Amino acid sequence: MAGPSTSSLGLALLPVAACFAALSGGLLDAILLALFTTIRHGRGRIFVHALVDLVDKIVMSHRPTTAAVVGALTVLLLVVSLRPVKSASGSATPRQDGPGKALFFPCRTTHSRMFPQKHSFSYSYLAVGVPVGWEGTAGGMVSVGVDQGWTLSWLSPFSSARKGWYSIDAGDYLERGKARLGLRGKLDEYLRNQGVDPRTYPHAYLVTAARFLGYHFNPVSFWYLYDATKSLAAMILEVNNTFGERRMYLLVPDDDLAARIDLTPRPALGVAEQAASERQSAPLRTALKQSWPKDFHVSPFNSRKGSYSLTASDPLSPSMQGMGPLANTINLVSSKGHGKLVARLIQDGDAIDPSSMTMFGKLKFLSAWWWVGFLTFPRIVKEAAALFFRRKLHVWFRPEPLKESISREADPIERDLEPIFKSYLRYLVEQSTAPLAVKYTPGGLSQGSSEFMLSPTAREGTTAAEELEFKVLTPVFYSRFIHYAHDLEAFFCELNESCTIWVSHPDLLPKFALKKPSPTLASSSPAEFAIFKIIQSLRVRPERIERPLTSSAAPNLAPQATDIRGFRISSMDGYVLAHESSQIKRVYRSCVLKLFLADRVAWGLVPLLESQRLILQAGLAWLVSSSNLATCALLLSYTARRVVPQASGKSKER
């Protein structure tokens, strides 16, 4: 008797839970309400038993179908595991047509700080080198551009096309995303953006910290660029900091190819023979040296001033046929000429060809190196703690990135606000009477690309358009922009004070972003009106981002003026209310409310606000679970929600 009644009572609670989910908009609320109701009435196991009985009945009623599905999946897995898997190029065994090969470089990295305090450390580091343009798997250990997942054939010496233990994804390098282009395609795009013809460097080799079982932490990558003679001609240094920002430096030696050609007179030869002779006689560069100004925030114990110099050996010398040694040295000099830091990446042992490793060799290699990548970031934190607590070095807080850098990735709220801001910017340009052509470049989006926006007079083409480039340097701009009451104030403050955007011609901003009166609040419902009135009352001009700032300097605590000029709502609020869909309105007001409330009750931290909301949800569910009246109200609401759609559907049919 107890079993059926328990199950029935538990199943009866399921509609209540579903109703609460529909009323509150979250499944978590339904689960909390059902759980707390059963606990408060002394039958905490009712809900669990009900779910078990429900799942058991579903499985029993569909047993033949379930067995058939399991059998079909088993056969499918057997077929997939036995057949040869094709690579991205379409062949069963990927070929490596270009020079160079995939290699493991066992290394040690050392850091020696000389100024203002001395501090040194050294630890093991595993670098992986791959030819740029090659895709496939080398011995089941290293893969490039392969999407197939885990397989036992990783340990097989004949594995060729499945993803290796160490994998390289093109989307992780240079400009984020665009993995479909591959490493070579992304390299060519970067070179073109730098004003360089990709044909200048027909061969390239990437040395990096590859993903291991999906985990990836990569402080620096080295791109070795070779000319047609397979001589090292240039390098790209791709630097990542712990904040998710990135900076690429294209390093080209000051001397050119002509300076390396031996001009000793030779016997008369034909044109083709003379060219071949010059190529053979030209001394190959085996190292590269270059210096450049520092403009990227890497270590919190160094400012963004000063300069770097690099001395790098060619790991594939001679003629891209070698296997090391890998030896790179980076020197940091302060803006006052003090030598501050020397960082080295030195090969420690012979390079290893993964395609020639035996099963025993793979097991030995993995047992020796699997942990190294996981400890890179903890080691950085350990040394940073030593510099701060033991050496007493000041911390330079992170400045917003410059135009040449790549910002961190946007958080969920910033990703939701970006398309709304882009639509609003397009609306402003289209409302302008001046002939404007605006190139908008988003910030923090992996798949973001520039978009051109034309005003009506520029689209007609009767007048030469004035061009303006609007680049978002950091995605924090999107969450700051909605705090302002007026667009022109927002653009100039974020451009000149906080430096979250870059604009090629700031004098053109007033032509589409005048400080005009805010629109009236025209909402479609009382609830919407109330929400935007709350947004209006919570809106405060954001504080200026003060950078650079060190831990030894106190921030400027001078009060900043807030927007108290009698405005109604912001222009962007009015645009969303008048021109966007109901779904976009919900997303916009949710993002804005979260940001504004976080400023008031969670020190500006949205994750902390979400934690507070979760605690509040649990508390409300606990209170509601004790009220019989609330349960009846929920049941009535659930019934109404099921009846109303049916009635509306019948009326439409009539």
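If you look the chain up in an unreviewed UniProt entry, it shows as Cyclopropane-fatty-acyl-phospholipid synthase from Lasiosphaeria miniovina.

Student: Just to check I follow, could you spell out the environment of I482 for this structure?
Tutor: Structurally, I482 can be placed in the loop between α11 (476-481) and α12 (487-496). With 60 residues separating them in the primary sequence, I482 and P542 have C-alpha atoms 9.4 Å apart. Excluding residues within four positions of it along the chain, I482 makes contact with L417, R539, M572, Y588, V592, L595 and F596.

Student: How should the packing of aromatic side chains be read in this particular structure?
Tutor: How two aromatic rings sit relative to each other is given by the distance of their centres and the angle of their planes. Under the definition given, this model contains 31 aromatic pairs. Ring geometry for Y215 versus F374: centroids 5.0 Å apart, planes at 35°, classification tilted. You can see Y215 sitting in the loop between β7 (211-212) and β8 (220-226) and its partner F374 sitting in helix α8 (residues 372-390), a full 159 residues away along the chain. Look at F477 and Y478: their rings are 5.8 Å apart centre to centre, the planes differ by 65°, and that puts the pair in the edge-to-face class. Of the two residues, F477 and Y478, neither departs from the other in class, the shared state being buried. Counting every residue linked through ring pairs, the aromatic cluster contains F421, Y424, Y427, Y440, F470, F477, Y478, F481, F491, F512 and Y575. The ring of F243 carries the charged tip of R398 above its face, separated from the ring centre by 5.6 Å. One Lys or Arg, K403, reaches over the ring of W502 and ends 4.7 Å from the middle of that ring.

Student: For this particular structure, what's the right way to read unusual backbone geometry?
Tutor: Note on backbone geometry: most residues besides glycine have negative phi, and most peptide bonds are trans. For the bond running from F115 to P116, omega is 0°, close enough to zero to count as cis. Positionally, P116 belongs in the loop between β1 (103-113) and β2 (119-131). Residue P325 is bonded to the preceding G324 through a cis peptide linkage, with omega at 5°. Note on placement: P325 falls in the loop between β12 (307-313) and β13 (327-333). In this structure, L174 takes a positive phi of about 50° despite not being glycine. Position of L174 among the secondary structure elements: in the loop between β5 (166-168) and α5 (182-193). Accessibility expressed as a relative area gives 1% for L174, which makes it buried. For C499, which is not a glycine, the phi torsion comes out positive at approximately 60°. Positionally, C499 belongs in the loop between α12 and β18 (501-503).

Student: I would appreciate a short explanation of helix α15 (residues 582-601) in the present structure.
Tutor: Because each turn of an α-helix spans 3.6 residues, side chains separated by three or four positions in sequence point in the same direction. Spanning 20 residues, α15 covers 28 Å between terminal C-alpha atoms, matching the ideal 28 Å at 1.5 Å per step. All of the buried residues along α15 are K585, Y588, R589, C591, V592, L593, L595, F596 and A598. Where α15 ends, the next residue or the one after it, W603, has phi of about 55°, a positive value.

Student: Help me understand the sheet that holds β5, please; the structure alone is not making it clear to me.
Tutor: Strand-to-strand pairing in sheets goes through backbone hydrogen bonds, with the strands running parallel or antiparallel. The mixed open sheet is built from 4 strands, whose spatial order is β3-β4-β5-β7. The strands lining the two open edges of the sheet, one partner per strand, are β3 (136-138) and β7. In this structure, β3 lies alongside strand β4 (residues 142-144), joined through 3 bridges in antiparallel fashion. Of the residues in β4, the one forming a bridge with G136 is V144.

Student: Help me out: how do you make sense of the sheet that holds strand β16 (residues 451-454) in this one?
Tutor: Spatially, 4 strands are ordered β16-β15-β17-β18 in an open sheet, and the strand pairing comes out mixed. Looking at the sheet topology across the chains shown, the edges are occupied by β16 and β18. With strand direction ignored, the average angle separating the axes of adjacent strands in the sheet is 20°. Strand direction decides the pairing type here: strand β15 (residues 436-441) and β16, joined by 4 bridges, are antiparallel. For Y440, the partnering residue across the bridge sits in β16 and is E451. Its contacts with the sheet place helix α9 (residues 412-431) against β15, β16 and β17 (466-472), and it is angled at close to 30° to β16. Sitting on the sheet, α12 is in contact with β17 and β18, with an inclination near 100° to β18.

Student: Sorry if this is basic, but what is going on with the side chain of D314 here?
Tutor: With respect to the helices and strands, D314 occurs in the loop between β12 and β13. Classification of D314 by relative accessible area gives buried; the value is 5%. From its side chain, D314 meets the backbone nitrogen of L316 in a polar contact 3.0 Å long. What D314 contacts, discounting residues up to four positions off in sequence, is Y226, L232, R285, T286 and P325.

Student: I would appreciate a short explanation of a nonpolar patch on the surface in the present structure.
Tutor: A cluster of nonpolar side chains, namely Y215, W370, F374, F377, I380 and V381, defines an oily patch on the protein surface of about 500 Å² accessible area. A residue is classified by how much of its surface remains accessible, and V381, at 43% relative accessible area, is partly exposed.

Student: Looking at this structure, how should I read the pairing of strand β14 (residues 339-347)?
Tutor: Every regular strand shows the same layout, with side chains that alternate between the two sheet faces. The pairing of β1 with β14 spans 7 bridges and is classified as antiparallel. For T110, the partnering residue across the bridge sits in β14 and is R344. Looking at chain direction, β13 and β14 are connected through 7 bridges and run antiparallel. Paired with L332 across the strands is L341, a residue of β14. Between the end of β13 and the start of β14, which pair antiparallel, lie 5 residues, with G337 showing a positive phi angle near 90°.

Student: Would you mind showing me how to read the pattern of salt bridges here?
Tutor: Pairing between side chains of opposite charge can happen when the charged atoms of each approach one another. Taken as a whole and judged by the stated rule, the model has 22 salt bridges. Linking E175 and K178 is a salt bridge whose minimum nitrogen-to-oxygen distance equals 3.6 Å. With relative accessibility at 30%, the residue E175 sits in the partly exposed group. Here R541 ties to E489 by a salt bridge, and the two come within 3.3 Å at their closest N and O atoms. Placement of R541 in the loop between α13 (526-538) and α14 (571-579) and of E489 in helix α12 is noted, with a sequence separation of 52 residues between them. Comparing R541 with E489, the two get one shared label, buried.

Quick notes on the rules
Residues numbered from 1 in each chain as written. Predicted model: local features only at pLDDT ≥ 70, side-chain atom pairs only at ≥ 80, totals over all residues. Heavy atoms only, no water. Helix = DSSP H or I, 4+ residues; strand = E, 2+ residues; numbered from the N terminus. Contact = heavy atoms within 4.5 Å. Phe/Tyr/Trp six-rings, centres within 6.5 Å; stacked < 30°, edge-to-face > 60°. Buried < 20%, exposed > 50% of the residue type's maximum accessible area, 1.4 Å probe, protein only. Lys NZ or Arg CZ within 6 Å of the ring centre and 35° of its normal. Expected span 1.5 Å × (residues − 1). Pairing = 2+ DSSP bridges. Axes fitted to C-alpha atoms, helices over the stretch in contact; angles between N-to-C directions. Polar contact = N/O pair within 3.5 Å; in protein donor to acceptor, adjacent residues only side chain to side chain. Patch = residues over 30% accessible without salt bridge, like charges linked within 9 Å, V, L, I, M, F, W, Y side chains within 5 Å. Areas by Shrake-Rupley, 256 points an atom, 1.4 Å probe, with all protein chains shown as cover. Salt bridge = Lys/Arg side-chain N within 4 Å of Asp/Glu carboxyl O.

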